[in-house]
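# Overview (structure and organization)
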Amino acid sequence: MRIRNALTVLGLFSTLAITGCSTTSEADSKKTAEAAPVVAPASVETAQIFDDSYGPVTDAGYALPGIPIQKVNPKFRRQIIAFDTTERPGTIIVNTKERFLYYVLPNGKAIRYGIGVGKDGFAWQGQAYVAWKQEWPTWHPPKEMAVRKPEVAKYVENGMGPSISNPLGARAMYLFNDKGQDTLFRIHGSPEWASIGTAASSGCIRMINQDVIDLYSRVLPGKATKVIVQQS
């Protein structure tokens, strides 16, 4: 498929006051792409569909349960596909309408992951970059979310610590605009694997935990890691 080279950022930042799945603490806001550790991306495996990659995982002391993969629509399972784009390898392209995230590979291929996206009124589109990333992140819900969901208000100040029930899951990648400002949007894991393929989030891009661990291992923080989000 042919992906257009650039998208307008119109609509991305006009919704920031009312959307976003996480705020950034004062300490977190000091983390930049330059401060993030540079780790070489994981190599691409040769298998085309990764049905055997969704079993139980022990990661940093946390026991992630296996995913009943036969209950996940095959199109939303991680797989390598032919992908026609002029974007450079390492670019992340998100199509919220299709519920897919593409990680561009060399030689006309991409890894495609199934995702969950924002509900009506919380979806966004535009261009950003992965400023930094975190394993087993702490979740700080925005104050606007606490108004809608009073039960999460207790986490606004101090956050919800890492756990297998944390809404950000096992990994989070933090999206900033070209001025270096936090968009409040994340690509992150989720314990709610059944929400993949649906519009259920507060605007962020959610993934199966086993998939976000894989994507995280490939992404190098910095402005070179462009993220393009489109709704069509």
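Per an unreviewed UniProt entry, the recorded name for the chain is L,D-transpeptidase, and the organism is Agrobacterium vitis. Looking at the chain in UniProt, the text filed under Sequence similarities (unreviewed entry) is "Belongs to the YkuD family." Regarding the chain, the relevant UniProt record gives this comment under Pathway (unreviewed entry): "Cell wall biogenesis; peptidoglycan biosynthesis."

### Some details on the pairing of strand β7 (residues 100-105)
In terms of burial, β7 is a largely internal element, six of the six residues being buried. Sheet topology note: the strand β6 (residues 92-95)/β7 ladder contains four bridges and is antiparallel. Across the sheet, the residue bridging to Ile93 is Tyr102, located in β7. Between β6 and β7, which pair antiparallel one after the other, the connecting turn spans four residues, and Arg99 there sits at a positive phi close to 70 degrees. Sheet analysis places β7 next to strand β8 (residues 109-114), joined by six bridges and oriented antiparallel. Bridge pairing links Tyr103 to Ile111 in β8. Connecting β7 to the antiparallel partner β8 that follows it, the hairpin turn spans three residues, and Asn107 within it adopts a positive phi of roughly 60 degrees.

### Remarks on the pattern of salt bridges
Across all of its chains, the model carries eight salt bridges by this definition. Ionic pairing is found between Arg171 and Asp59, a salt bridge with its closest N-O pair at 3.0 Å. Pair noted here: Arg171 is in strand β11 (residues 171-176) and Asp59 is in strand β2 (residues 57-59), with a separation of 112 residues, a long-range link. The exposure class assigned to Arg171 is buried, which follows from its relative accessible area of 4%. We classify Asp59 as buried; its relative accessible area is 14%. Between Asp214 and Arg218 there is a salt bridge, with the nearest N and O atoms lying 3.0 Å from each other. Taken together, the positions of Asp214 and Arg218, both in helix α3 (residues 209-218) and four residues apart, correspond to about one turn of that helix. Per residue, the accessibility class of Asp214 equals that of Arg218, and both read buried. The structure contains a network of salt bridges with shared partners spanning Arg78, Asp211, Asp214 and Arg218.

What counts and what doesn't
- Residues numbered from 1 in each chain as written.
- Predicted model: local features only at pLDDT ≥ 70, side-chain atom pairs only at ≥ 80, totals over all residues.
- Heavy atoms only, no water.
- UniProt positions renumbered as here; feature names shortened; annotations may be inferred.
- Buried < 20%, exposed > 50% of the residue type's maximum accessible area, 1.4 Å probe, protein only.
- Helix = DSSP H or I, 4+ residues; strand = E, 2+ residues; numbered from the N terminus.
- Pairing = 2+ DSSP bridges.
- Salt bridge = Lys/Arg side-chain N within 4 Å of Asp/Glu carboxyl O.

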